[in-house]
Amino acid sequence: MEQEKPHHHCFLHHKDDEKPVDAVACTETSERTTIVAVEEPTHDHERKRKESKSHEHLGELGAAAAGAFAMYEKHDAKKDPEHAHKHKLEEEIAAAAGVGAGGYTIHEHHEKKEAEKEEEEAKGKKHP
């Protein structure tokens, strides 16, 4: 049987157990020196804020698209009386999707505001 070749990873690949080190602490005793890596917790509030802002804009776009499709179906219901029932159902579905997208937009807006508040608190501008 043919043996499998070892899989080579890209040189940018990081192993899961290797985390970047923010600081190094040294302690000296009379017999030896101990070097310990200290990892500081990182809270990326700016990334969360930008992500929420992007999702908020996508929600707005989805709500606008659903509203436009609902209006189109309403127009088709008047234009095509044979299939008016089908167009009215599709109009209602599009309207419900628009309401859902609007709710998602509001949710992401609140997430963005919360991330901005956390970012300000982390920088020390505001005290809770």
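Predicted, not measured: the structure shown is a model, and the values here were computed from it.

Caption draft 1: The arrangement of the overall build of the protein in detail. Each helix and strand in the protein was counted, giving two helices and two strands. Along the protein, from the amino end to the carboxyl end, the secondary structure elements read β-β-α-α. Counting the 128 residues in the protein, one finds 16% classified as buried. Within the protein, residue pairs in contact and separated by at least 24 positions form 52% of the contacts whose partners lie at least 6 positions apart. When the accessible surface of the protein is totalled, it reaches about 11200 Å², and 56% of it is carbon and sulfur.

Caption draft 2: Representation of helix α1 (residues 45-79) in the model. Taking 1.5 Å per residue, 35 residues should reach 51 Å; α1 reaches 51 Å between its end C-alpha atoms and fits that length. Listing the buried residues of α1 in full gives H45, R49, S52, E56, G59, A66, A70, E73, D76 and A77. Contacts made by the buried residues of α1 are with α2 (84-123).

Caption draft 3: Representation of the packing of α1 against α2. Two elements in contact, α1 and α2, have axes separated by 7 Å at closest approach and are oriented at 165 degrees. The orientation of α1 relative to α2 falls into the category roughly antiparallel. Classified by chirality, the crossing of α2 by α1 is left-handed. Each residue belonging to the contact of α1 with α2 can be placed in one class, and the counts come to 13 nonpolar, 10 polar and 19 charged.

Caption draft 4: Region of interest: the side chain of S52. Topologically, S52 is positioned in helix α1. The exposure class of S52 is buried, given its relative accessible area of 5%. With residues near it in sequence (within four places) discarded, S52 still touches E108, E111 and K112.

Caption draft 5: Examining the side chain of T105 more closely. Structurally, T105 is set in helix α2. Among the polar contacts listed, one links the side chain of T105 to the backbone oxygen of A101, at a separation of 2.8 Å. In this view, T105 contacts E56, G59 and E60; residues no more than four positions away in its chain are not counted.

Caption draft 6: View of the pattern of salt bridges. Scanning the entire structure with this criterion turns up nine salt bridges. Measuring nitrogen to oxygen at the nearest pair gives 3.3 Å for the salt bridge that ties K50 to E46. Taken together, the residues span about one helical turn, with K50 and E46 both in helix α1 at a distance of four residues. Two residues, R47 and E51, come together in a salt bridge whose shortest N-O distance is 3.4 Å. Residue R47 and its partner E51 are located together in helix α1, separated by four residues, close to a single helical turn. Linked by salt bridges that have partners in common, D44, R47 and E51 make up one network.

The rules behind these values
- Residues numbered from 1 in each chain as written.
- Predicted model: local features only at pLDDT ≥ 70, side-chain atom pairs only at ≥ 80, totals over all residues.
- Heavy atoms only, no water.
- Helix = DSSP H or I, 4+ residues; strand = E, 2+ residues; numbered from the N terminus.
- Buried < 20%, exposed > 50% of the residue type's maximum accessible area, 1.4 Å probe, protein only.
- Contact = heavy atoms within 4.5 Å.
- Areas by Shrake-Rupley, 256 points an atom, 1.4 Å probe, with all protein chains shown as cover.
- Expected span 1.5 Å × (residues − 1).
- Axes fitted to C-alpha atoms, helices over the stretch in contact; angles between N-to-C directions.
- Parallel < 35°, antiparallel > 145°, perpendicular 65-115°, else oblique.
- Left-handed = near helix turned anticlockwise from the far one by under 90°.
- Nonpolar A, V, L, I, M, F, W, Y, C, P; charged D, E, K, R; others polar.
- Polar contact = N/O pair within 3.5 Å; in protein donor to acceptor, adjacent residues only side chain to side chain.
- Salt bridge = Lys/Arg side-chain N within 4 Å of Asp/Glu carboxyl O.

By themselves, these observations are geometric and do not establish any function.
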